[in-house]
Amino acid sequence: MDTNLRKRIRAGDHDAFGDLFDAYARSVYNHAYRLTGEWTTAEDVVSLTFLDAWRLRAKIDEEGGSLRPWLLGIATNVTRNTRRSARRHAAAVARVPRDEAVRDFADEVAGRLDDTAQLAVVRTALARLRRAEREVLALCVWAGLDYAAAAEALGVPVGTVRSRLSRARTKLAKHMELSQTVGQMRDDRTTAVRPLREGNR
């Protein structure tokens, strides 16, 4: 089945490529979101990934299994390029004089939600990882690829995948533990300075 699909895609069969999209678009979307943390950017990454996949279809080996690792590898590269472009755009926008901004209350409301606070801790932890470590974490832990498939997706040796994933897990564990400790200290301090309720005299 996969071998036949590979041959059809290499030959430029639009129906086969549609089947490929139907089978893996959700997986590519989830992978892109985990790397970017933004739904709209993830949607752009999906579109660009399949455009690149169509352009690169002649490079697919005729023999092989699932094309999911190949697509996730393309998505990883597209995400890198997308983030690079976004940084350049943000830098350009920052240089343009702006009118005084109107206060946006959305962030203030969202900040009151526990889920948002927890997500912020996770995002901060992920931001402390090197890009290569985030990519391996996204492929192996979230996308569920084994070491060999992740290595294929990234174009690196299996040993590199193992070491990057090990470092990423260690760093994340340390950061999450530190964040928990700091949160507990804040809670304890708040309790300690809270005024005692006076009873009836």
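Quick note: structure is the one above.
These notes cover the structure that comes with them. (Residues numbered from 1 in each chain as written. Predicted model: local features only at pLDDT ≥ 70, side-chain atom pairs only at ≥ 80, totals over all residues. Heavy atoms only, no water.)

This part takes up the pattern of salt bridges. Here the structure, examined in full by the defined rule, presents 8 salt bridges. The salt bridge partner of D52 is R55, with a shortest N-O separation of 3.2 Å. Linking D52 with R55, this pair stays in helix 3 (residues 39-55), spanning 3 residues, or about one helical turn. A residue is classified by how much of its surface remains accessible, and D52, at 23% relative accessible area, is partly exposed. Since its relative accessible area comes to 57%, R55 is described here as exposed. A salt bridge links E135 to R80, with the nearest nitrogen and oxygen atoms 2.7 Å apart. Here R80 lies in helix 4 (residues 68-94) and E135 lies in helix 7 (residues 131-142), a separation of 55 residues in the sequence. (Salt bridge = Lys/Arg side-chain N within 4 Å of Asp/Glu carboxyl O. Helix = DSSP H or I, 4+ residues; strand = E, 2+ residues; numbered from the N terminus. Buried < 20%, exposed > 50% of the residue type's maximum accessible area, 1.4 Å probe, protein only.)

On to the packing of aromatic side chains. Overall, the coordinates contain 5 aromatic pairs when judged by the stated rule. When the ring of Y29 is compared with that of W39, the centres are 5.7 Å apart and the planes differ by 20°; the resulting orientation is stacked. Of this pair, Y29 sits in helix 2 (residues 14-36) while W39 sits in helix 3; the two residues are 10 residues apart in sequence, bridging distant segments of the chain. Residue Y29 is classed as buried on the basis of its relative accessible area of 14%. Clustering of aromatic rings is evident, with ring pairs tying together F17, F21, F50 and W54. When the ring centre of W54 is taken as origin, the NZ or CZ atom of R57, which lies over that ring, is 3.9 Å away. (Phe/Tyr/Trp six-rings, centres within 6.5 Å; stacked < 30°, edge-to-face > 60°. Lys NZ or Arg CZ within 6 Å of the ring centre and 35° of its normal.)

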